[in-house]
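Listed below are the residues making up each chain.
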Amino acid sequence: METSMERAGSPSPLQQVTRALPGLHGAMQRVAERILANPDEVARGSITKLAEAAQTSAATVTRLSTHLGYAGYPALRAALAMEVGRGLEAGWASDIGMAIGPADPPEQVLNVLASTQANALRNALAAIDLAAATRVADAIAGARRTHIYGEWGDAIPARELYIRLLRIGIPVWFFDGPQSSKIGAGLLAEGDVALTVTRSGTDATTLDFLRRAGEEGALTVAISGMAGAPISRIADVTLDTGTPNGANWTEFFAGRASDVLTAGLLFVLVAQRVPDHLTAHHPNGPGQPVVQHDT
């Protein structure tokens, strides 16, 4: 007899259980509900464990398996394991990516992450427009206000730049939400700077922040790996980091290195224009070194 596992184009075991459920009663219904509620647990467990969880006997589990068209519980469990494995693999691929596998050893994970960031840094060296970066640094050093916006993962390099500029006495503010970004953009004027870090270059709040800031007369700046994204048509200056957004986390993580490099470049270029700020605005007082070792 041909089983449902052998028929081409047959539904998944979870679909089979779902379709059969309305016609089941009593103990077999409890077994089916248990399978649907915990398919990964069932795929790893024994017939005895499933029977105990459903408060029935192993024989009932076997009857449900054959009712669904399987030769027995081992065949049903194998089908469930394959289905769960496919789901996990698909979820992993869409989120983390395929450059790293779920079973890769730590040294392999480290090597892949390091190599992706090394590639991103090489891309950044070839892509960053130094004349544009110099223009932005000049503007920040002389601005009455610099407002920086970053959301979610983009907030990491954006906030780092904010902290560094604040430490050397640059009048700078950081914004990370739709409402605060609208207020921040509205407070700017000619001679001020609005800067954002945006991996995708398409986020609506980011676009609105720069658009509003530009309408107030501020210089608008975007740090992004998507040179042709909508953000580049709004920003006065787009600093291309050389690494696109990517479809999964591994690619996103690679681009983050180029974002941090670009933000770090801006910080140092600004600091070069106000070198006296490095000590004059230090929290330990004028004349104190930037790094003070504990005694």
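Residues numbered from 1 in each chain as written. Predicted model: local features only at pLDDT ≥ 70, side-chain atom pairs only at ≥ 80, totals over all residues. Heavy atoms only, no water.

## A short note on a nonpolar patch on the surface
A contiguous nonpolar surface patch, about 270 Å² in accessible area, is contributed by L121, L125 and L261. Mapped onto the fold, L125 is located in helix 7 (residues 106–127). According to the relative accessible area criterion, L125 is exposed, its value standing at 69%. (Patch = residues over 30% accessible without salt bridge, like charges linked within 9 Å, V, L, I, M, F, W, Y side chains within 5 Å. Areas by Shrake-Rupley, 256 points an atom, 1.4 Å probe, with all protein chains shown as cover. Salt bridge = Lys/Arg side-chain N within 4 Å of Asp/Glu carboxyl O. Helix = DSSP H or I, 4+ residues; strand = E, 2+ residues; numbered from the N terminus. Buried < 20%, exposed > 50% of the residue type's maximum accessible area, 1.4 Å probe, protein only.)

## Some words on the pattern of salt bridges
Oppositely charged side chains are able to pair whenever their charged atoms sit close together. Under the counting rule described, the total for this entry stands at nine salt bridges. D154 is the partner of R256 in a salt bridge, and the nearest nitrogen-oxygen pair spans 3.2 Å. Separated by 102 residues along the polypeptide, R256 in helix 13 (residues 249–273) and D154 in the loop between strand 1 (146–149) and helix 9 (155–167) bring together distant segments of the chain. No difference in accessibility class separates R256 from D154, as the two residues are buried. D259 is the partner of R256 in a salt bridge, and the nearest nitrogen-oxygen pair spans 2.2 Å. Of this pair, R256 and D259 are both found in helix 13, three residues apart, which corresponds to roughly one turn of the helix. On the accessibility criterion, R256 (10% relative accessible area) is buried. By sharing partners, the salt bridges in this structure join D154, R199, R256 and D259 into a single network.

## Here we look at the confidence of the model for the chain
Caution applies to low-pLDDT parts of the model: their predicted coordinates are not meant to be read in detail. Of all residues in the chain, 85% have pLDDT values of 70 or greater, and the mean over the chain is 84. Note on residues 1–9: pLDDT under 50 across the span, and 12 contacts to partners over four residues away in sequence or across chains. When the criterion is pLDDT under 50, residues 289–293 qualifies, and its contacts beyond four places in sequence or with other chains add up to five contacts. (pLDDT = per-residue confidence, 0-100. Contact = heavy atoms within 4.5 Å.)

## Details of unusual backbone geometry
Although it is not a glycine, Q55 adopts a positive phi angle of roughly 55°. Position of Q55 relative to the elements: it lies in the loop between helix 4 (47–53) and helix 5 (58–67). Overall, the relative accessible area of 66% leaves Q55 in the exposed class.

## Notes on the side chain of R256
Of the polar contacts made by the side chain of R256, one reaches the backbone oxygen of G153; its length is 2.9 Å. Excluding residues within four positions of it along the chain, R256 makes contact with G153, D154, P157, V197 and R199. (Polar contact = N/O pair within 3.5 Å; in protein donor to acceptor, adjacent residues only side chain to side chain.)

## A few points about the sheet that holds strand 2 (residues 172–175)
Pairing is parallel in the open sheet, where five strands are placed in the order 2-1-3-4-5. A strand with exactly one partner marks an edge of an open sheet, and here the two such strands are strand 2 and strand 5 (237–240). Strand-to-strand, the axes of this sheet are offset by a mean angle of 20°, without reference to chain direction. Where strand 4 (residues 219–224) meets strand 5, four bridges bridge the pair, whose relative direction is parallel. Along strand 5, the bridge assignment pairs A222 with T238. Where helix 11 (residues 204–215) meets the sheet, its contacts fall on strand 1, strand 3 (193–197) and strand 4, and the angle it forms with strand 3 comes to roughly 165°. (Pairing = 2+ DSSP bridges. Axes fitted to C-alpha atoms, helices over the stretch in contact; angles between N-to-C directions.)

## Some thoughts on the nonpolar core
Membership of the largest hydrophobic core comes to 31 residues, with the highest contact counts inside it found for I148, L165 and L195. Of all the elements, helix 13 adds the most residues to this core, at six residues. Judged by nonpolar contacts, the second largest core, of 21 residues, contains M28, A43, L68 and Y73. (Core = buried A, V, L, I, M, F, W, Y, C linked by side-chain atoms within 4.5 Å.)

## What to know about helix 8 (residues 130–142)
For helix 8, built from 13 residues, the straight-helix expectation of 18 Å at 1.5 Å per residue is met to within 8% by its first-to-last C-alpha distance of 18 Å. Those residues of helix 8 not exposed but buried are A132, A133, V136, A137 and I140. Buried residues of helix 8, seen end-on, are gathered within an arc of 140° and therefore sit on one face of the element. Summarising the geometry of helix 8, the exposed residues directed more than 90 degrees from the buried face are A131 and G142. (Expected span 1.5 Å × (residues − 1). Arc of directions from axis to C-beta.)

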